[in-house]
Structures are given as C-alpha cells and as structure tokens.
Amino acid sequence: MGALRATALAVVFALSAAGVAGATGVEAVGPRLVIGEDFPDPEVIQVDGTYYAYSTSSGRGRVPYATSSSPLGPWTIRGDVLPRAPAWAGDGAFWAPDVSRRSDGRFLLYFTGPSAAVGRMCLGAALADGPGGPFTATSEQPLVCDATEGGAIDPASFVDADGTRYLLYKNDGNAIGRRASIWLQRTEADGVSFVGGRVGLLHDLGAEEQGVVEAPVLVRRPSRYVLFFSSGAYDGPDYRTGYAVSRSLTGTYARAERPLMSTAGFDGAVVGPGGQDVGDGHVFFHGHLAGLGRGTYVAELGWADDRPVVRGSRVRYEAERGVVHRAVVRTGVEGASGGAVVSGFAEVGSRLEVRVFAPVDGTYTVSIGYSARAGDARHALAVDDGAAAVVEYPGSGTWARVAVDVALTAGFNDVRLRYLDGAVEVDYLEVA
C-alpha cells in the first residue's frame, strides 16, 4: 500500500447535503464482536433457521459449538460436538473445524488433530446425525497426514455446482521450514473417499506472507471461483485475510492487490483478522482480544463484480483509475499509492468521479488520500446525483488523508469530487 505519513481529519459538511451523512452524526458500521471469548477459526452453517458456529479447542471443549437465530447473535455456547478424540490422536488442541451436510442428510465434521504416531497435526473426519453432534470419528487413522510436508491443517469442504464434493486443506510446511500450500482434493459424496490426485491452488509468497498461507474457504460465484485464505503469523497483528480468483476450479488463482481484511484495514478495530468463513451475506472471522484469546467477529459481505467487499474494511480505489475532467494523471510519483495521482485539480470544472461499492445500504467512511503542498484546498463531494458537501484539505507538506461519512446504497455508487478552491493532488479514495 502507498505511504500514508500523516492523517488530517478536518472535514466540513454542508448541512443540506442529501446523501452525505456527515452532518447527521450517523457513524459508519464496522465489524461486530459476537462471541467475546476465545472462539477462534469460526466455522458457521445454517440448519433449519438456526446458525451453528464451531471453533478451535478452548476451555469450552475439544470442538466447541454455539448457536444463534441470527449471524449477529446473541450466540450461546452449547458444548463440545466431539466429546471423544479419535483413536489416532494424542494430547493437544484440535484446530479449525469444518461442518457440512452431506447428500445423505448426515453431517460431516473435518478437524485438525495431533497425531500421536507422526508427531504433527493431521486431518480427521467424523459424522453425526445432527449439527450439534455428538460426532464420531470415521476412521482409526487420519484422513490426511504427511510428516514430510509438516502435516496437514485447516480442512474445508466445497461442493461445486454439479454436486461434486471436494476437500481443501493446507500442508503445514511453515511448521518445519518448508513451503505451505493450499490443496484441493476431490472426494466421493461421503467426503472421505478420495478420487484421483490433489491439485495445488495457492502457495505462500515467502517473507511477504511470513511463509504462511492457510484457512482456505472456496466460493463459487457466477463468473469465477473465489478462494479466501489467511496469511501471516496467527498470533500477532500481521495476521490477515486475503482472496484469490480463478475462472476455473483448479486455477490458476490470482491474488487480489491488497488484503481483504487486516488490522490496518479495520483501523485497529480488529487485531489480526483471520480464520474466516463466509455465508448468508456475512464473513465470520476471529481477532485478538486483550487477555481473552481470539474472539469471533462478523461483518457484512457483498460482491462487486464477483469480488468480495467487507463492510468496515477499507477498499482502495486509485484516483487515476477514475474519470478525470480538466485535470491530469501524474505518474512516477514517489510515495503515492500505485505511483500515480490526479493532479492539476485547480480550476473551475476540475472534477473526479470514482465508482465505489457498498455491500448494503448504510453509512460508510470515505477516506481521501491527498497532498495540498501550496496551502489549504476545498472540494465539493457528492454521491451519485445527491447534493454536495464541502471537504476541506488542510495544507500538507506530504501525503495526508481526510475522512468523510457518506450514505451509500447497496451496489455501485459514483463519488464525485469537484474543485472549489486551492490546489490539491488526489491519490486515492478508500471506502469502509
């Protein structure tokens, strides 16, 4: 991301601004903490109008679960869906459960458990007649367990449009100084009998991702497959959620330019967002709680041309990719996001239009990265054809940012900036 060395928050709103919410005092809505205790790597399904959430081991059990009538809660932790460990498991926690309903109506639990024989974390499976368990292991041996690859963790189920079932997982290479990858394995309808060989979908980028790529979740959209994943060190603020897209199931998957969710993207509201699951217009994920482990958060999720957008997580739109009138795009700009800005924004008729996306109707924060080296400047800001508010840019010797609360409708919206006075270069707009 581009350098942001200073932040200016002085913004003036016109009281008559239709479509601009800054004057109303309405705050933008971000992620919500819905389970405020240790409940990491949340997996969420809906069955007959009830939501079920499952988590990595905690003081609540081997595979704790909770229920709610709504994604937003309140959630009630009910107990442990895997009261008996499988025969192959040794001592230790069980990680990152995944629960899905098979075509025969039974519920399949994938989990990560400690293999006594191999000494690494490996994948197992269990079955139950209902989502609340109890689940019973399907085998006395792990489902996937290769010590030379560091073992296997983070299983996830995926059923394609034709009904074919797959298992995704990560080989835990970073645990032994090897490469970590996300794999796709076709299965029979039972979810535990493998068909053919596996396919590698994504591999870690080394230092850029701290050697970690994990927690896969695969979603089929009308125009593409979307692979969600987490990267970075799970126990710190650098843990984050990204995504990659492909026109075909087996790839190649191309990563998005920036993380979907990160500590910085949430402006510190969530620390280390990851271990995600998606469904029913929401993304569920964990974040660090002071002295309480990792709690479960939920945020609204939308799709912009079949790419995910999370409400409350800043999405960057480069100014130079917008529609520019009576201004110019200046390239090769040191410190600018993408190396380019909209410049010459200094005469009557100068304006910029940037198309942004909102997952749902509501109030959002639009942050404008800018430089006003010649002194203070002002723009009129309007959404679509609404009335304009006045945005003030305090003079800055370097890159700065102003923040504006605006009302957006679900889907795409045109944010328009029009020259009033002063000279300013616009680097980007971010919407959260």
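Because the structure is a prediction, the values reported are computed rather than measured.

A.B. asks: Can you walk me through the environment of Ser57 in this structure?
C.D. replies: Inspection of the secondary structure puts Ser57 in the loop between strand 3 (50-54) and strand 4 (64-68). Residues Ser57 and Tyr364, spaced 307 residues apart in sequence, show a C-alpha to C-alpha distance of 36 Å. Sequence-distant contacts of Ser57, defined by excluding residues within four places in its chain, comprise Asp38, Arg62, Pro64, Ala93 and Phe94. A polar side-chain atom of Ser57 sits 2.5 Å from the main-chain carbonyl oxygen of Arg62. Separated by 2.8 Å, the side chain of Ser57 and the backbone nitrogen of Phe94 make a polar contact.

A.B. asks: Honestly, the side chain of Ser367 in this entry has me stumped. Any pointers?
C.D. replies: Relative to the helices and strands, Ser367 resides in strand 27 (residues 362-371). Judged by its relative accessible area of 5%, Ser367 falls in the buried class. Ignoring anything within four residues of it in the chain, the contact list for Ser367 reads Arg401, Val402, Ala403, Tyr428, Leu429 and Glu430.

A.B. asks: Hey, could you run me through the confidence of the model for the protein chain in this one?
C.D. replies: Low-confidence regions, as indicated by low pLDDT, have predicted coordinates that should not be scrutinised in detail. A residue-level look at the protein chain finds 94% of positions with pLDDT of 70 or above and a mean pLDDT of 92. Here residues 1-27 is a poorly scored stretch, pLDDT under 50, and it has 75 contacts once near neighbours within four places are set aside; other chains count.

A.B. asks: Would you mind showing me how to read the state of the cysteines here?
C.D. replies: As used in these notes, a disulfide is a covalent bond between sulfur atoms, one from each of two cysteines. Tallying each qualifying case throughout the model produces one disulfide. The disulfide bridge from Cys122 ends at Cys145, spanning 2.0 Å between sulfur atoms. Within this pair, whereas Cys122 is found in strand 8 (residues 121-128), its partner Cys145 is found in the loop between strand 9 (136-137) and strand 10 (152-159), the two being separated by 23 residues in sequence. Take Cys122: its relative accessible area is 0%, and that puts it in the buried class.

Scoring rules and cut-offs
- Residues numbered from 1 in each chain as written.
- Predicted model: local features only at pLDDT ≥ 70, side-chain atom pairs only at ≥ 80, totals over all residues.
- Heavy atoms only, no water.
- Helix = DSSP H or I, 4+ residues; strand = E, 2+ residues; numbered from the N terminus.
- Contact = heavy atoms within 4.5 Å.
- Polar contact = N/O pair within 3.5 Å; in protein donor to acceptor, adjacent residues only side chain to side chain.
- Buried < 20%, exposed > 50% of the residue type's maximum accessible area, 1.4 Å probe, protein only.
- pLDDT = per-residue confidence, 0-100.
- Disulfide = S-S within 2.5 Å.

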